[in-house]
Amino acid sequence: MRKMLLSSIFFLTACSSIFSYDKEFKNPIFYQPLRPLSKTVGYIYLAPTSVKFRGVLNENKTIYEGKCDLIENTQDRITLKCEGAWDDGTKYNSYLTYVIKEIPLFMPNCLRILEYSYNKLEDFPKNEIHSTKYCVTPPKK
């Protein structure tokens, strides 16, 4: 009886850990507001469980807000599976992958972050041209 009880507790513990998601980014760079490198997108604020897109013309206005699961979490890349809505009420669900790139020579105070937005994991864009570019303050080294 005791063995069966211990076995079932072990089994339930193992199953519950399979579906857990990270609650913190491994790289604190992703907690910084992502500043756009173009005039066609606004700021992005990331957290392991949420995302907020801010307006292009008004940085204080949230135009999209989503609840997310952090499904990939490495030092140079994160992927969020998000469900949310635009400010007009339109629902939008997607995967968002953010990849740290290099510090451009012409912008020494900018660490480039690429954003890829797609609907299914197998649809991940393979080309950087399909990404939106952002900038964060690089770490001091």
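In this report, the structure presented in the accompanying data block is examined. (Residues numbered from 1 in each chain as written. Predicted model: local features only at pLDDT ≥ 70, side-chain atom pairs only at ≥ 80, totals over all residues. Heavy atoms only, no water.)

Re the overall build of the protein
Link 1 in the chain: Scanning the protein for helices and strands turns up one helix and eight strands.
Link 2 in the chain: Secondary structure elements of the protein occur, N-terminal to C-terminal, as α-β-β-β-β-β-β-β-β.
Link 3 in the chain: Within the protein, buried positions represent 33% of all 141 residues.
Link 4 in the chain: Sequence separation of 24 or more characterises 38% of the internal contacts of the protein that already satisfy a separation of 6 or more.
Link 5 in the chain: Total accessible area on the protein stands at roughly 9500 Å², and carbon and sulfur atoms take up 57% of it. (Helix = DSSP H or I, 4+ residues; strand = E, 2+ residues; numbered from the N terminus. Buried < 20%, exposed > 50% of the residue type's maximum accessible area, 1.4 Å probe, protein only. Contact = heavy atoms within 4.5 Å. Areas by Shrake-Rupley, 256 points an atom, 1.4 Å probe, with all protein chains shown as cover.)

Points about the packing of aromatic side chains
Link 1 in the chain: A complete count under the given rule lists 10 aromatic pairs for this structure.
Link 2 in the chain: Seen in terms of ring centroids, Y116 and F124 are 4.9 Å apart; in terms of plane orientation they differ by 55 degrees. Their pairing is tilted.
Link 3 in the chain: By relative accessible area, Y116 is classed as buried at 7%.
Link 4 in the chain: Given the relative accessible area of 17%, F124 is considered buried.
Link 5 in the chain: Grouped by ring-pair contacts, the aromatic residues F53, Y64, W86 and Y92 constitute a single cluster.
Link 6 in the chain: Stacked on the ring of Y45, the Lys or Arg R54 has its end atom at 4.6 Å from the ring centre.
Link 7 in the chain: A cation over an aromatic ring shows up here: R77 above the ring of F124, its NZ or CZ 4.8 Å from the ring centre. (Phe/Tyr/Trp six-rings, centres within 6.5 Å; stacked < 30°, edge-to-face > 60°. Lys NZ or Arg CZ within 6 Å of the ring centre and 35° of its normal.)

Side note on the sheet that holds strand β5 (residues 77–86)
Across a sheet, paired strands are connected by hydrogen bonds in the backbone, their directions being either parallel or antiparallel.
Link 1 in the chain: With respect to topology, eight strands assemble into an open sheet ordered β1-β8-β7-β6-β5-β4-β3-β2, the strand pairing being antiparallel. The sheet terminates laterally at β1 (35–36) and β2 (44–47), the two strands that pair on one side only.
Link 2 in the chain: Sheet topology note: the strand β3 (residues 50–54)/strand β4 (residues 62–73) ladder contains five bridges and is antiparallel. Paired with K52 across the strands is E65, a residue of β4. (Pairing = 2+ DSSP bridges.)

Function cannot be read off these values alone, since they describe shape.
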